[in-house]
Amino acid sequence: MTQLHTVQVVGGGSSGSSAHVRSLAAGLVARGLRVTVCAPTELDRAYDFSGSGAHHVPVPRSSDPASVAALRAACAGADVVHAHGLHAAVRAAFALGGRRIPLVVTWHTRAHAEGARAQLVRLMERKAVRAAAVVLGTSSELVDRARSRGARDARLAPIAVPAQREVSDGGQESKARAELGSVDRPLLMAVGSLVAHHGYDTLLDATRSWRGLDPAPLLVVAGEGRERGRLQRRIDNAELPVRLIGRRDDITELLAAADIAILPSRWEARSVLAQEALRLGVPLIATAVGGVPELVGEAAELVPYGDAAALSNAVLRLLSDPERRRQLSTAGRAQAAMWPTEDDTIAQVLSVYDELAGRAR
């Protein structure tokens, strides 16, 4: 039997989608497929696609005009091309123009745009889903969105984020709290790039209501982004109990040390922070947006997006109720146990490839 060859196309690569491609590549190689990953060189350094057994082809980011030509060459002879994210899907569609190679597109999230750019995003979404033989959406809302844009075949594919390394003991948590300056005060944790749609302005507004507590809870935000300077000025000017600690490689350890995890985003599909918090048994407060309610079920406190008072009240309520925190911790682990495993995810994708490759023969 001929060895099936799949090309995975990664664009800018969010942490969740890049980790998924690394996991998928390793699983497909282990099952006998030949895998090529087309991604910027810096993403290969960060996620070691080559180390999965895949062949890495350096492809510039979407803004580089050489990227489509590089993709076209890399996809020659592929049985299935699988693009992850909107920009990667559009570039793959152009690269495959005229070729009878099936395209699979995974939508991990949706683009955030307003005004004229929102119209451009709609056009890109139509181009991506109409070129795809199958669109895999990581939440029901994304599946519905793909269908509304003209997808011929859109399916739910709630991918598993690779499990992080285990946190060994309480001593590690104490060390993390000491480093963050939260030994004798509650520790709240948020994780994500510092961009407008992640809702950090609302979160900073919420901190005003608890800065007068004794001791005042400390909010720690891990992540980088273009909003960092402005957010730091807000923190300094209002003397808010907040620390921006930048991008970290030890998120699991830091999150395990937290009393509460907070996800204030405008929209999420399958938030990596939400998944990691529930797996660790850390009580989660999140906005009731996108795929979050579907992901967490009854295992988190949900609040409206942009409502600082509701967010603040949820934090204060949980901090004063240890029993509710214990209930959420138990419910979170139970909810996480029902999510698909990495093997489940790989099996679903492989079944799609087999279907399309058989259809093309």
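No experiment lies behind these values; they were computed from the predicted model shown.

1. Some details on the overall build of the protein chain
Counting secondary structure elements, the protein chain contains 15 helices and 13 strands. Taking 2.2 N^0.38 as the reference for a compact globule, 361 residues should give roughly 21 Å; the C-alpha atoms of the protein chain span a radius of gyration of 21 Å, in line with that estimate. Across its three principal directions, the C-alpha atoms of the protein chain cover 70 × 45 × 35 Å. For the protein chain, the proportion of its 361 residues judged to be buried stands at 53%. Intrachain contacts of the protein chain at a sequence separation of at least 6 include 65% that bridge at least 24 residues. Summing over all exposed atoms, the protein chain offers an accessible surface of approximately 15600 Å²; the carbon and sulfur share of this is 49%. When the 44 basic and 39 acidic side-chain charges of the protein chain are each reduced to a single mean position, those positions are 8 Å apart.

2. Quick notes on the pattern of salt bridges
Counting across every chain of the model gives 19 salt bridges. Taking the shortest distance from any N to any O, the salt bridge between Arg 31 and Asp 343 comes out at 3.3 Å. Within this pair, whereas Arg 31 is found in the loop between helix H1 (15–30) and strand E2 (34–39), its partner Asp 343 is found in helix H15 (residues 342–360), the two being separated by 312 residues in sequence. A relative accessible area of 48% means that Asp 343 is categorised as partly exposed. Among the ionic pairs, Asp 250 bridges to Arg 248, the shortest N-O distance being 2.9 Å. Judged by its relative accessible area of 19%, Asp 250 is buried. Given the relative accessible area of 22%, Arg 248 is considered partly exposed.

3. What to know about the sheet that holds strand E5 (residues 103–107)
With parallel pairing, the seven strands of this open sheet are ordered in space as E3-E2-E1-E4-E5-E6-E7. With partners counted over all chains shown, the strands left at the sheet margins are strand E3 (55–58) and strand E7 (154–156), one partner each. Sheet twist, expressed as the average angle between the axes of neighbouring strands with direction ignored, equals 20°. Bridging between E5 and strand E6 (residues 134–137) involves four bridges; their strand directions are parallel.

4. Considerations on the packing of helix H8 (residues 200–207) against helix H13 (residues 308–319)
With their axes 8 Å apart at the nearest point, H8 and H13 run at an angle of 55° to one another. Taken as axis vectors, H8 and H13 run oblique relative to one another. Considering the relative orientation of H8 and H13, their crossing is right-handed. Along its contact with H8, which presents Thr 202, Leu 203, Asp 205 and Ala 206, the element H13 presents Ala 308, Leu 311 and Ser 312. Its residues assigned to classes, the contact of H8 with H13 shows four nonpolar, two polar and one charged.

5. Section: helix H4 (residues 86–95)
Because an α-helix completes one turn every 3.6 residues, residues spaced three or four positions apart along the sequence face the same direction. Burial of H4 is extensive: eight of the ten residues sit out of reach of the surface. Of the residues making up H4, those classed as buried are Leu 86, Ala 88, Ala 89, Val 90, Arg 91, Ala 92, Ala 93 and Ala 95.

6. A word on unusual backbone geometry
Residues apart from glycine generally show negative phi values, whereas peptide bonds are mostly found in trans. The peptide bond linking Asp 214 to Pro 215 adopts the cis configuration, its omega dihedral lying at 0°. Although it is not a glycine, Asp 48 sits at a positive phi angle of roughly 55°. Asp 48 gets classed as partly exposed once you look at its relative accessible area, which sits at 37%. Despite not being glycine, Glu 239 has its phi angle at roughly 50°, a positive value. Here Glu 239 shows up in the loop between helix H9 (228–238) and strand E10 (242–246). The exposure class assigned to Glu 239 is exposed, which follows from its relative accessible area of 67%.

7. Regarding the nonpolar core
In this structure, Val 9, Val 81 and Leu 103 are the most contacted members of the largest nonpolar core, which totals 36 residues. Elements with a minimum of two residues in this core: strand E1 (5–10), helix H3 (66–75), strand E4 (80–84), H4, E5, helix H5 (116–131) and helix H6 (140–148). Considering each element in turn, this core owes the most residues, seven residues, to H4. The contacts of Val 81, once residues within four sequence positions are left out, are Val 7, Val 9, Cys 75, Ala 92, Leu 96, Ile 101, Pro 102, Leu 103 and Val 104. By size, the runner-up hydrophobic cluster in this structure holds 31 residues, among which are Ala 222, Ala 274, Ala 300 and Trp 339.

8. Describing the pairing of E6
Residues of E6 alternate between two faces, with Val 134 and Leu 136 on one and Val 135 and Gly 137 on the opposite face, all of them buried. Crossover handedness for the path E5 to H5 to E6: right-handed. Taken together, the three bridges between E6 and E7 define a ladder with parallel strand orientation. In the strand pairing of E7, Leu 136 is matched with Arg 155. At this point the chain moves from E6, through H6, to the parallel E7, and the crossover so formed is right-handed.

9. A short note on the environment of Asp 259
Within the element layout of this structure, Asp 259 appears in the loop between helix H10 (251–256) and strand E11 (260–263). Residues Asp 259 and Pro 186 lie 73 residues apart in sequence; the distance between their C-alpha atoms is 6.3 Å. Apart from residues no more than four positions distant in its own chain, Asp 259 is found in contact with Arg 177, Arg 185, Pro 186, Leu 187, Val 282, Pro 283 and Arg 325. A polar contact is formed between the side chain of Asp 259 and the side chain of Arg 177, at a distance of 3.2 Å. In terms of polar contacts, Asp 259 uses its side chain to reach the backbone amide nitrogen of Leu 187, at 2.7 Å.

About the thresholds
- Residues numbered from 1 in each chain as written.
- Predicted model: local features only at pLDDT ≥ 70, side-chain atom pairs only at ≥ 80, totals over all residues.
- Heavy atoms only, no water.
- Helix = DSSP H or I, 4+ residues; strand = E, 2+ residues; numbered from the N terminus.
- Rg over C-alpha atoms; globule rule 2.2 N^0.38 Å.
- Buried < 20%, exposed > 50% of the residue type's maximum accessible area, 1.4 Å probe, protein only.
- Contact = heavy atoms within 4.5 Å.
- Areas by Shrake-Rupley, 256 points an atom, 1.4 Å probe, with all protein chains shown as cover.
- Lys, Arg positive; Asp, Glu negative; His and termini not counted.
- Charge placed at Lys NZ, Arg CZ, Asp CG, Glu CD.
- Salt bridge = Lys/Arg side-chain N within 4 Å of Asp/Glu carboxyl O.
- Pairing = 2+ DSSP bridges.
- Axes fitted to C-alpha atoms, helices over the stretch in contact; angles between N-to-C directions.
- Parallel < 35°, antiparallel > 145°, perpendicular 65-115°, else oblique.
- Left-handed = near helix turned anticlockwise from the far one by under 90°.
- Nonpolar A, V, L, I, M, F, W, Y, C, P; charged D, E, K, R; others polar.
- Core = buried A, V, L, I, M, F, W, Y, C linked by side-chain atoms within 4.5 Å.
- Right-handed = clockwise from strand over helix to strand, strands pointing away.
- Polar contact = N/O pair within 3.5 Å; in protein donor to acceptor, adjacent residues only side chain to side chain.

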